[in-house]
Amino acid sequence: KNEVEQSPQNLTAQEGEFITINCSYSVGISALHWLQQHPGGGIVSLFMLSSGKKKHGRLIATINIQEKHSSLHITASHPRDSAVYICAVRSGATNKLIFGTGTLLAVQP
Amino acid sequence: DTAVSQTPKYLVTQMGNDKSIKCEQNLGHDTMYWYKQDSKKFLKIMFSYNNKELIINETVPNRFSPKSPDKAHLNLHINSLELGDSAVYFCASSQVGVFYNSPLHFGNGTRLTVT
(Lines give C-alpha, C1' and ligand atoms only; values in the text may rest on other atoms or scores of the structure.)
Protein backbone atom coordinates (compact mmCIF):
# COMPACT_ATOMS: atom_id res chain seq x y z
CA LYS A 1 0.00 0.00 0.00
CA ASN A 2 1.39 3.39 -0.98
CA GLU A 3 2.03 5.86 1.79
CA VAL A 4 0.23 8.46 -0.32
CA GLU A 5 -3.04 7.49 -1.95
CA GLN A 6 -5.02 9.60 -4.37
CA SER A 7 -8.59 9.24 -5.53
CA PRO A 8 -9.98 9.01 -8.02
CA GLN A 9 -7.28 7.72 -10.35
CA ASN A 10 -9.20 8.92 -13.38
CA LEU A 11 -11.83 11.63 -13.56
CA THR A 12 -13.84 12.92 -16.49
CA ALA A 13 -15.89 16.07 -16.01
CA GLN A 14 -17.95 18.44 -18.09
CA GLU A 15 -16.82 22.01 -18.48
CA GLY A 16 -18.09 24.14 -15.62
CA GLU A 17 -18.30 21.34 -13.07
CA PHE A 18 -16.83 21.53 -9.58
CA ILE A 19 -14.04 18.99 -9.21
CA THR A 20 -12.51 17.42 -6.12
CA ILE A 21 -9.39 15.29 -5.98
CA ASN A 22 -8.49 13.62 -2.72
CA CYS A 23 -5.16 12.70 -1.15
CA SER A 24 -4.69 10.56 1.96
CA TYR A 25 -1.36 9.78 3.55
CA SER A 26 -0.16 7.58 6.34
CA VAL A 27 3.03 9.30 7.54
CA GLY A 28 3.69 12.36 9.62
CA ILE A 29 4.44 15.25 7.33
CA SER A 30 5.97 18.69 7.38
CA ALA A 31 4.34 19.81 4.13
CA LEU A 32 2.05 18.64 1.35
CA HIS A 33 2.39 19.62 -2.30
CA TRP A 34 -0.12 19.60 -5.12
CA LEU A 35 1.46 19.41 -8.56
CA GLN A 36 0.01 19.63 -12.05
CA GLN A 37 1.47 17.80 -15.01
CA HIS A 38 0.19 18.80 -18.41
CA PRO A 39 0.03 16.45 -21.41
CA GLY A 40 3.21 18.05 -22.70
CA GLY A 41 4.97 16.68 -19.64
CA GLY A 42 5.94 19.78 -17.70
CA ILE A 43 5.25 19.76 -13.96
CA VAL A 44 4.08 22.84 -12.10
CA SER A 45 3.79 23.29 -8.38
CA LEU A 46 0.26 24.45 -7.55
CA PHE A 47 0.28 24.56 -3.78
CA MET A 48 2.41 23.79 -0.80
CA LEU A 49 0.57 23.69 2.48
CA SER A 50 1.00 22.43 5.99
CA SER A 51 -2.32 23.53 7.49
CA GLY A 52 -5.65 25.06 6.61
CA LYS A 53 -6.54 26.17 3.14
CA LYS A 54 -5.02 27.98 0.18
CA LYS A 55 -6.69 29.50 -2.86
CA HIS A 56 -5.26 30.51 -6.19
CA GLY A 57 -7.71 31.57 -8.87
CA ARG A 58 -10.15 28.69 -9.41
CA LEU A 59 -8.03 26.26 -7.42
CA ILE A 60 -8.46 25.59 -3.71
CA ALA A 61 -6.39 23.22 -1.60
CA THR A 62 -7.28 22.14 1.90
CA ILE A 63 -5.53 19.93 4.41
CA ASN A 64 -6.64 18.25 7.61
CA ILE A 65 -3.52 17.23 9.51
CA GLN A 66 -5.40 15.21 12.12
CA GLU A 67 -7.16 13.13 9.48
CA LYS A 68 -4.07 13.00 7.23
CA HIS A 69 -6.11 14.13 4.27
CA SER A 70 -5.97 16.86 1.65
CA SER A 71 -8.29 17.87 -1.15
CA LEU A 72 -7.75 19.84 -4.31
CA HIS A 73 -10.83 21.59 -5.66
CA ILE A 74 -11.29 23.15 -9.07
CA THR A 75 -14.25 25.48 -9.51
CA ALA A 76 -15.81 26.20 -12.91
CA SER A 77 -13.60 23.61 -14.58
CA HIS A 78 -12.30 24.23 -18.07
CA PRO A 79 -10.78 21.92 -20.70
CA ARG A 80 -7.41 23.55 -20.10
CA ASP A 81 -7.53 22.08 -16.58
CA SER A 82 -7.08 18.65 -18.15
CA ALA A 83 -3.88 17.27 -16.68
CA VAL A 84 -2.47 14.83 -14.15
CA TYR A 85 -2.69 16.14 -10.60
CA ILE A 86 -0.14 14.76 -8.19
CA CYS A 87 -0.12 14.91 -4.41
CA ALA A 88 3.25 14.70 -2.66
CA VAL A 89 4.09 14.84 1.03
CA ARG A 90 7.36 15.58 2.77
CA SER A 91 7.91 13.11 5.57
CA GLY A 92 8.52 14.82 8.85
CA ALA A 93 10.76 11.98 9.98
CA THR A 94 12.97 11.46 6.94
CA ASN A 95 12.47 14.72 5.02
CA LYS A 96 11.82 12.53 2.01
CA LEU A 97 9.22 13.48 -0.60
CA ILE A 98 6.65 10.77 -1.21
CA PHE A 99 4.46 10.98 -4.28
CA GLY A 100 0.97 9.76 -4.95
CA THR A 101 0.27 8.02 -8.23
CA GLY A 102 -1.62 10.95 -9.65
CA THR A 103 -5.15 11.67 -10.83
CA LEU A 104 -5.78 12.00 -14.55
CA LEU A 105 -8.41 14.68 -15.10
CA ALA A 106 -10.14 15.22 -18.43
CA VAL A 107 -12.52 18.15 -18.72
CA GLN A 108 -14.74 17.94 -21.75
CA PRO A 109 -16.21 21.02 -23.45
CA ASP B 1 14.37 33.38 -17.26
CA THR B 2 13.68 29.72 -16.70
CA ALA B 3 13.88 28.71 -13.06
CA VAL B 4 14.89 25.06 -13.54
CA SER B 5 16.28 24.09 -16.90
CA GLN B 6 17.35 20.65 -17.98
CA THR B 7 18.93 19.51 -21.21
CA PRO B 8 18.45 17.77 -23.49
CA LYS B 9 14.68 17.54 -23.80
CA TYR B 10 14.90 14.32 -25.79
CA LEU B 11 17.66 11.74 -25.73
CA VAL B 12 17.70 8.65 -27.90
CA THR B 13 20.60 6.28 -27.51
CA GLN B 14 21.59 2.64 -27.75
CA MET B 15 22.03 0.10 -25.02
CA GLY B 16 25.43 0.13 -23.43
CA ASN B 17 26.11 3.81 -24.07
CA ASP B 18 26.93 6.38 -21.39
CA LYS B 19 24.92 9.59 -21.33
CA SER B 20 24.42 12.69 -19.18
CA ILE B 21 21.48 14.96 -18.48
CA LYS B 22 22.19 18.45 -17.21
CA CYS B 23 20.14 20.50 -14.77
CA GLU B 24 20.54 24.07 -13.60
CA GLN B 25 18.42 26.22 -11.30
CA ASN B 26 18.64 29.98 -10.83
CA LEU B 27 16.39 30.18 -7.78
CA GLY B 28 19.10 30.04 -5.18
CA HIS B 29 17.63 26.83 -3.75
CA ASP B 30 19.89 24.62 -1.72
CA THR B 31 18.28 21.28 -2.56
CA MET B 32 18.00 19.66 -5.98
CA TYR B 33 16.41 16.38 -6.99
CA TRP B 34 16.28 13.88 -9.79
CA TYR B 35 13.07 11.94 -10.38
CA LYS B 36 12.24 9.14 -12.76
CA GLN B 37 8.73 8.97 -14.11
CA ASP B 38 7.67 5.56 -15.26
CA SER B 39 5.14 4.62 -17.91
CA LYS B 40 2.35 4.83 -15.34
CA LYS B 41 3.29 8.45 -14.61
CA PHE B 42 4.51 7.57 -11.14
CA LEU B 43 7.30 9.86 -9.95
CA LYS B 44 10.08 8.11 -8.07
CA ILE B 45 12.86 10.01 -6.42
CA MET B 46 16.35 8.98 -7.44
CA PHE B 47 18.61 11.48 -5.73
CA SER B 48 18.44 14.52 -3.56
CA TYR B 49 21.39 16.88 -3.14
CA ASN B 50 21.68 19.49 -0.42
CA ASN B 51 24.67 21.80 -0.44
CA LYS B 52 26.55 19.36 -2.64
CA GLU B 53 25.98 16.42 -0.34
CA LEU B 54 23.92 13.44 -1.34
CA ILE B 55 21.24 13.10 1.29
CA ILE B 56 18.85 10.60 -0.24
CA ASN B 57 19.63 7.78 -2.64
CA GLU B 58 16.61 5.65 -3.34
CA THR B 59 18.53 2.45 -4.09
CA VAL B 60 18.92 3.23 -7.74
CA PRO B 61 21.49 1.20 -9.68
CA ASN B 62 25.01 2.50 -9.31
CA ARG B 63 25.05 3.02 -13.08
CA PHE B 64 23.31 6.28 -12.18
CA SER B 65 25.47 8.92 -10.58
CA PRO B 66 24.59 12.50 -9.72
CA LYS B 67 27.26 15.14 -10.11
CA SER B 68 26.91 18.55 -8.52
CA PRO B 69 29.69 21.03 -9.34
CA ASP B 70 27.90 23.72 -7.33
CA LYS B 71 24.56 24.18 -5.66
CA ALA B 72 22.94 25.53 -8.84
CA HIS B 73 23.71 22.42 -10.87
CA LEU B 74 22.88 18.75 -10.50
CA ASN B 75 23.74 16.59 -13.49
CA LEU B 76 22.76 12.97 -13.94
CA HIS B 77 25.22 10.53 -15.47
CA ILE B 78 24.08 7.14 -16.62
CA ASN B 79 26.53 4.41 -17.57
CA SER B 80 25.85 1.26 -19.58
CA LEU B 81 22.30 2.23 -20.45
CA GLU B 82 19.67 -0.49 -20.40
CA LEU B 83 16.27 -0.74 -22.08
CA GLY B 84 14.57 -0.36 -18.70
CA ASP B 85 16.15 3.04 -18.25
CA SER B 86 13.78 4.46 -20.85
CA ALA B 87 11.63 6.99 -19.02
CA VAL B 88 11.16 10.67 -18.44
CA TYR B 89 13.63 12.13 -15.97
CA PHE B 90 12.76 15.29 -14.08
CA CYS B 91 15.05 17.63 -12.24
CA ALA B 92 13.60 19.76 -9.45
CA SER B 93 14.70 22.13 -6.75
CA SER B 94 13.41 23.54 -3.50
CA GLN B 95 14.59 25.30 -0.38
CA VAL B 96 14.40 22.92 2.54
CA GLY B 97 15.20 23.78 6.08
CA VAL B 98 14.27 22.76 9.56
CA PHE B 99 11.46 25.28 9.73
CA TYR B 100 10.86 26.07 6.12
CA ASN B 101 9.85 24.26 2.97
CA SER B 102 9.47 25.97 -0.37
CA PRO B 103 7.35 24.79 -3.28
CA LEU B 104 8.96 22.40 -5.70
CA HIS B 105 10.13 23.76 -9.01
CA PHE B 106 10.49 21.26 -11.81
CA GLY B 107 12.39 21.25 -15.06
CA ASN B 108 10.51 20.30 -18.21
CA GLY B 109 11.79 16.76 -18.21
CA THR B 110 14.11 14.72 -20.41
CA ARG B 111 12.58 11.85 -22.33
CA LEU B 112 15.21 9.14 -22.54
CA THR B 113 14.70 6.34 -25.04
CA VAL B 114 17.13 3.44 -25.04
CA THR B 115 17.04 1.24 -28.12
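Up top is the structure these notes are about.
All of these numbers come straight from a predicted model, not from anything done at the bench. (Residues numbered from 1 in each chain as written. Chains lettered and ligands numbered in written order. Predicted model: local features only at pLDDT ≥ 70, side-chain atom pairs only at ≥ 80, totals over all residues. Heavy atoms only, no water.)

1. Details of the sheet that holds strand E3 (residues 19–25) of chain B
Residue and element names in this part refer to chain B.
- A sheet is described by the order of its strands in space; here four strands give the open sequence E1-E3-E8-E7, paired in antiparallel fashion. Of all the strands in the sheet, the pair left with one neighbour each is strand E1 (4–7) and strand E7 (64–67). Between one strand and the next, the sheet's axes are offset by a mean angle of 15°, whatever the strand orientation.
- For E7 and strand E8 (residues 75–78), the ladder comprises four bridges, and the chain directions are antiparallel. Residue pairing for E8: phenylalanine 64 is matched across the bridge by isoleucine 78. (Pairing = 2+ DSSP bridges. Helix = DSSP H or I, 4+ residues; strand = E, 2+ residues; numbered from the N terminus. Axes fitted to C-alpha atoms, helices over the stretch in contact; angles between N-to-C directions.)

2. Let's talk about the interface of chain A and chain B
- The partner chain B presents 18 residues to the 18 residues of chain A that form the contact.
- Both faces combined, the contact of chain A with chain B buries some 1600 Å², and carbon together with sulfur accounts for 63% of it.
- Linking chain A to chain B there are zero salt bridges.
- On inspection of chain A and its partner chain B, the count reaches two residue pairs in polar contact (both at pLDDT 80 or more).
- Those elements giving two or more residues to the side of chain A that touches chain B turn out to be strand E4 (29–37), strand E5 (43–49), strand E9 (83–91) and strand E10 (97–99) of chain A.
- Per element, the largest residue contribution to the side of chain A that touches chain B is five residues, and it comes from E4 of chain A.
- A per-class count over the side of chain A that touches chain B returns seven nonpolar, nine polar and two charged. (Contact = heavy atoms within 4.5 Å. Buried area = accessible area lost by both parts, 1.4 Å probe. Salt bridge = Lys/Arg side-chain N within 4 Å of Asp/Glu carboxyl O. Polar contact = N/O pair within 3.5 Å; in protein donor to acceptor, adjacent residues only side chain to side chain. Nonpolar A, V, L, I, M, F, W, Y, C, P; charged D, E, K, R; others polar.)

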